[in-house]
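Working through the structure, step by step
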Amino acid sequence: MHIALLCMETGGRARRQRRPLFAFLCFCLLQLVIGQIRYSISEEMVKGSVIGNIANDLGVELKRLVSGRARVFTSDGSEYIGLDREAGQLVVKQRIDREGLCGEISACSLSFDLILENPMELYRISIDIVDINDNSPVFPKNEIDKEISESSLPGARFSLESAIDPDVGINTLQKYVLHPTDHFSLNVQSSPDGSKNVEMVLKVPLDREQKANHYLTLTAIDGGSPQRSGTVKIHIRVLDANDNAPIFSQSTYKATVLENAAVDTLITTVTATDADEDASSVIQYYFEHATPIVKASFSINAGSGEITVAGPLDYEKFKQFKIKAVAIDNGGLTNSCEIIIDVIDVNDNTPKITVMSFSSNLPEDAAFGTVIAMINVQDLDSNDNGKITCSIAPSSPFKIVSTMPNYYNLVTDSELDRELTPEYNITITAVDGGNPSLSSKEALTLKISDINDNAPQFDNEMYNAYVPENNSPSLSIFSVKALDADWGPNSRISYFIDDGSLNGTPLESFISINTDTGVIYAMKPFDYEQMKSLKIKIKAQDGGTPPLSTNATLNIFVQDQNDNAPQVLYPVQTSGSVVAEIVPRSADIGYLVTKVVAVDVDSGQNAWLSYKLQKAADRALFEVGTQNGEIRTVRQVTDKDAVKQKLTVIVEDNGQPSRSATVTVNVAVADSFPEVLSEFTDFTKDKDYNDNLTFYLILALIVVSILFIFSVIAIISVKIYRWRQRKLFYKSANNLPVIPYYPTMYSDGTLQQVYEFCGTTDSRRSDIKPMRPYSQNTLTVSLSRPGTVQRERKEQLDAELSLEQKPPNNDWRLPPNQRPGPSGAGPLPEGAGVVAGTGPWPNPPTEAEQLQALMAGANVSEATATMGPRYNAQYVPDYRQNVYIPGSTATLTANPQQPPQQALPPPQAMPPTDAPKAAQTPASKKKSTKKDKK
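Positions within a chain are numbered from 1, following the residues in the order the chain's sequence is written. Owing to the predicted nature of the model, reporting of local features is limited to residues with pLDDT of at least 70; listing and counting of side-chain atom pairs is limited to 80 or more, with chain, interface and lining totals taken over all residues. Working from all heavy atoms in the structure, the side-chain values ignore hydrogens and water.

**Concerning the overall build of the protein chain**
Looking only at helices and strands, the protein chain features 10 helices and 56 strands. Remark: exposure states derive from per-residue accessible area (1.4 Å probe, protein chains only) relative to the maximum for the residue type, with buried under 20%, exposed over 50%, and partly exposed in between. Taken over 934 residues, the protein chain has a buried fraction of 40%. Considering only intrachain contacts with a sequence separation of at least 6, the fraction spanning at least 24 residues in the protein chain is 68%. Per-residue accessibility takes into account occlusion by the displayed protein chains alone, with areas from the Shrake-Rupley method and a 1.4 Å probe. Summed over its atoms, the accessible surface of the protein chain is roughly 51900 Å², and 52% of this surface lies on carbon and sulfur atoms. Per the convention used, a helix needs a DSSP run of H or I reaching at least four residues, while a strand needs a run of E reaching at least two, with both numbered from the N terminus. Should any heavy atoms of two residues lie within 4.5 Å, those residues are counted as being in contact.

**A closer look at the packing of aromatic side chains**
The rule is short: rings of Phe, Tyr and Trp, with Trp giving its six-membered ring, pair when the centres are within 6.5 Å, and they are stacked under 30 degrees, edge-to-face over 60, tilted in between. Enumeration over the complete set of coordinates arrives at 10 aromatic pairs. Arranged with centres 4.9 Å apart and planes meeting at 80°, the rings of phenylalanine 298 and phenylalanine 321 form a pair that is edge-to-face. Pair noted here: phenylalanine 298 is in strand β20 (residues 298–300) and phenylalanine 321 is in strand β22 (residues 320–329), with a separation of 23 residues, a long-range link. The same class applies to phenylalanine 298 and to phenylalanine 321, which are both buried. Seen in terms of ring centroids, phenylalanine 695 and tyrosine 696 are 5.7 Å apart; in terms of plane orientation they differ by 55°. Their pairing is tilted.

**A closer look at the sheet that holds strand β12 (residues 196–202)**
With antiparallel pairing, the 3 strands of this open sheet are ordered in space as β9-β12-β11. Because the sheet does not close on itself, it has two edges, and the strands there are β9 (157–160) and β11 (184–190). Recorded for the sheet is a direction-independent mean angle of 30° between the axes of neighbouring strands. For two strands to count as paired, DSSP must find a minimum of two bridges between them. In the sheet, β9 pairs with β12 via 4 bridges, with the strands oriented antiparallel. Counterpart to phenylalanine 158 in the pairing with β12 is methionine 200. To obtain an axis, a line is fitted to C-alpha atoms, over the contacting stretch when the element is a helix, and the angle between two such axes runs from 0 to 180 degrees between their N-to-C directions.

**Remarks on the pattern of salt bridges**
The salt bridge criterion pairs a side-chain nitrogen of Lys or Arg with a carboxyl oxygen of Asp or Glu, the two atoms within 4 Å. Counting across every chain of the model gives 19 salt bridges. Across the salt bridge formed by glutamate 99 and arginine 98, the nearest N and O atoms sit 3.6 Å from each other. Take glutamate 99 and arginine 98: they sit in the same class, and that class is buried. Arginine 237 is the salt-bridge partner of glutamate 147, the closest N and O atoms lying 1.6 Å from each other.

**Comments concerning the environment of leucine 534**
Following the sequence through the fold, leucine 534 ends up in strand β41 (residues 533–542). According to the relative accessible area criterion, leucine 534 is buried, its value standing at 3%. Distance in space between the C-alpha atoms of leucine 534 and asparagine 555 is 5.8 Å, their sequence separation being 21 residues.

**Considerations on a nonpolar patch on the surface**
For patch building, the residue pool is restricted to those with more than 30% relative accessible area and no salt bridge; the joining distance is 9 Å between like charges and 5 Å between nonpolar side chains (Val, Leu, Ile, Met, Phe, Trp, Tyr). A grouping of Phe708, Ile709, Val712, Ile713, Ile716 and Ile720 is seen on the molecular surface, where their side chains present a nonpolar patch of about 560 Å² in accessible area. For valine 712, the location among the structural elements is in helix α7 (residues 691–730). Take valine 712: its relative accessible area is 32%, and that puts it in the partly exposed class.

**Brief notes about the state of the cysteines**
When two cysteine sulfur atoms are found within 2.5 Å, that pair is recorded as a disulfide. With the rule as written, the count across this model stands at 1 disulfide. Residue cysteine 102 pairs covalently with cysteine 108 via a disulfide, S to S 1.8 Å. One disulfide, between cysteine 102 and cysteine 108, carries an S-S torsion of 65° and so falls in the right-handed class. For cysteine 102, a relative accessible area of 16% corresponds to the buried category. Exposure remark for cysteine 108: the relative accessible area of 3% places this residue in the buried category.

**Quick look at the sheet that holds strand β42 (residues 549–559)**
One open sheet holds the 4 strands; their spatial order is β33-β42-β41-β36, and the pairing between them is mixed. Each edge of the open sheet carries a strand with a single partner, namely β33 (462–468) and β36 (493–497). On average, adjacent strands in this sheet sit at an angle of 30° to one another, irrespective of strand direction. Here β41 runs beside β42; their pairing, made up of 9 bridges, is antiparallel. Note on β42: the bridge partner recorded for serine 533 is phenylalanine 557.

**Regarding the side chain of serine 49**
Looking at where serine 49 falls in the secondary structure, it is placed in the loop between β1 (37–42) and β2 (50–53). On the basis of relative accessibility, which here comes to 19%, the residue serine 49 falls in the buried class. We define a polar contact as two N or O atoms separated by no more than 3.5 Å, with the added condition that, inside protein, one atom must be a possible hydrogen donor and the other a possible acceptor, whereas residues neighbouring each other in sequence contribute only through side-chain atom pairs. Of note is the side chain of serine 49, whose polar atom sits 2.6 Å from the backbone oxygen of valine 46. Discounting residues that sit within four places of it in the chain, serine 49 has contacts with Leu90, Val91 and Val92.

**As for unusual backbone geometry**
Here the bond from histidine 179 into proline 180 is cis, since omega is -5°, no more than 30 degrees from zero. Among the secondary structure elements, proline 180 is positioned in the loop between β10 (173–179) and β11. Proline 436 follows asparagine 435 through a cis peptide bond whose omega is 0°. Within the element layout of this structure, proline 436 appears in the loop between β30 (423–432) and β31 (439–449). The backbone of asparagine 118 sits at a positive phi, close to 55°, despite the residue not being glycine. Its place among the elements puts asparagine 118 in the loop between β6 (109–116) and β7 (121–130).

**As for the pairing of strand β29 (residues 407–412)**
With 6 of 6 residues buried, β29 is to be regarded as a mostly interior element. Sheet topology note: the strand β26 (residues 371–378)/β29 ladder contains 5 bridges and is antiparallel. Across the sheet, the residue bridging to valine 371 is valine 411, located in β29. In sequence, strand β28 (residues 398–404) turns back onto β29 through a hairpin of 2 residues, with asparagine 406 there showing a positive phi of about 70°.

**Description of the environment of leucine 507**
With respect to the element layout, leucine 507 can be found in the loop between β38 (505–506) and β39 (511–513). Relative accessible area serves as the criterion here: at 6%, leucine 507 is assigned to the buried category. When neighbours within four sequence positions are excluded, leucine 507 is seen to be in contact with Asp498, Gly500, Ser501, Leu502, Leu534, Lys535 and Ile536.

As structure tokens, then:
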């Protein structure tokens, strides 16, 4: 809650003169109303006058006042102050009369609450009503009659009725002025409560004989600006001597009375005595300066001085009365006393419950502590009678929380469930502390609004539906129902079929569901022979946000109908040939001729088949088994029986209605096949078959066979081609000799430019060219590591083949003098791993040597692939180890420990030398040094 302190002063004519007093009042109020917003205005302001900008003082935006439905709340229902939401200002709604509002209380203020909603906020606002001088002093009577004895001595005092000024402070009565003052003067005494008692004092003795009547004017003047005054005429009649005035037994009388005291209840008695005798001692009592409230509440017996209750008393309005009683004798002498009557409070006021704000609808997911209502409870009684206890039923999911004295909030205390309790009747009970206590009740009806917290529920998790096959489309086959405990849109249920398929066909093509009613329809006829059952999932989804759903399983069982006739599997009816069963004439009774085999794709009793002959003669030779379809002889064959017999068998199922099929069985009664053949040549065809069908079947078979043969040939060709490529590139090429080539060199023997050495499977096409691109058939020297790309691939292939190699066989090893190599190649030393050239490049080999090298390489590759392991370095020279680069004096070697060869002079200066012992191949070249590259 926002807390602020504000002192404001508004007014008209008295503003400048009252600033010191107002500053003092603000200072006093500052100590009392910390935490409240306080304004100060003058009474009698015009309706619609602006009191202050409440929006700025609270720090609240104007739109918050409008959206929060800001309003002014007063416990007594008064409407002095109004709120202008658009301007954010407090305005005067009714004319404010401070005297009518607060009476004699000097500090007068209005207190009310400013309430905002969404969220709820409460601000306590007090407005001090500043008095203005709008009332003149008024005497109770227009004329005062006094009888004074001429024997009255100077100094005798005669009390006068004081003037009444409802204003307070400086605006109230300040002084009295008496005119003329020849015989009398004024004596004004101030009481502790601020009232003034005025007495007229005799200065000079009176002489009735000289002047029997005296006329005086008493003026009462207040302190306002401008000053106001009131006058009263005093008529003094001089009497004969009565020199003793009545004397009260006490100067001040104190008494108490219950606020619920009945009328005529005696409160107290005042007594006075007079020293005079006879008629001068008779004393009369009356109230002096009695206000209308005093006159309505109390009365005094003029003869006895008894003070009784004259009307209803209300402690909450007047807690104490101060009354001035006067005793007067027949001589006109008077005396006065003060009577103080304290009203005692009784518990006569029930607590008043005022609902300042109430939310009649609450969502069921409201958090704990959600404010439902703001309540103000007032009890006008005091002390224990005004102490209030506010409560609700303990079984309710709500509780009452006190935020400030006499202010309570009704908040949630537990979870709410609309499905269990959609509405609450909350009774708020306020009990005071009196004896006996009084109470009041306020009933509130709270409706719980629904949220989507319940998913739809089916009656069963699984349903079974039975549908006869061959049903009509759009047939209603089943109906499902789900219930949702929620309300309104949250309980509106829609039904769906989960996406799925059966044999690649969406389920929606078989069935559909009405999204509103849950009725399930068949989209097309079912065929029991194709689909015997169907399992689907049905989803019930409510209309909440987010929606909730539940699934149920529906098993649809297709019931078989007798819609399929029996099908005869044997004997097979053909149109191109006649099939006959031969029965020897010597067959015994019960001889099995054949068996009719038939099936029915229906199920159950629809598939129960029975067999019978279509035409049964009197002396029939054959009969068919009703259940098994077996055709047997029923008697011995005689000479009168025809050789060819044609039996028509009817196969019938047990359905309703039943369906049947017929089959013709040719039976030949004979002992030899020629006899049968001669008898059956004139059989006619039973059925006409389509000859084109056979032609199309034969044609299709031929086409498929041709395609298959071509496919097999293509696959075999591809396999052979790939195998020859691998054999050609990875095996034969490694055994080919190197044909030297002499490029252009500098005088110091180095190459003029960087060359790329390319070796192919055909040594006659090997070449050294600058930056010549290579293809898949080219062997390229790798500069980053010894060997070549093709060599790496070959080594990988060799490693795979080595897994299947067997130990070498000494029978197929070549003797040293028959190993492949150029002419003049001698045997290698035992254990030699590489062949390193130490002399100049050898002479070009002859054509015979080249042919021998090619044949040897081919023999080695073939022997490796067919006879056993490959030649190792021990028996066959490895032509991959050393590579001679033409035009260079260096030799590339595969042995990392072998140092580079000594540089040689250019070829034209080389002396004749012997040829190297082994020819090198391009696949065995190694990386040279940096100088050799250049």
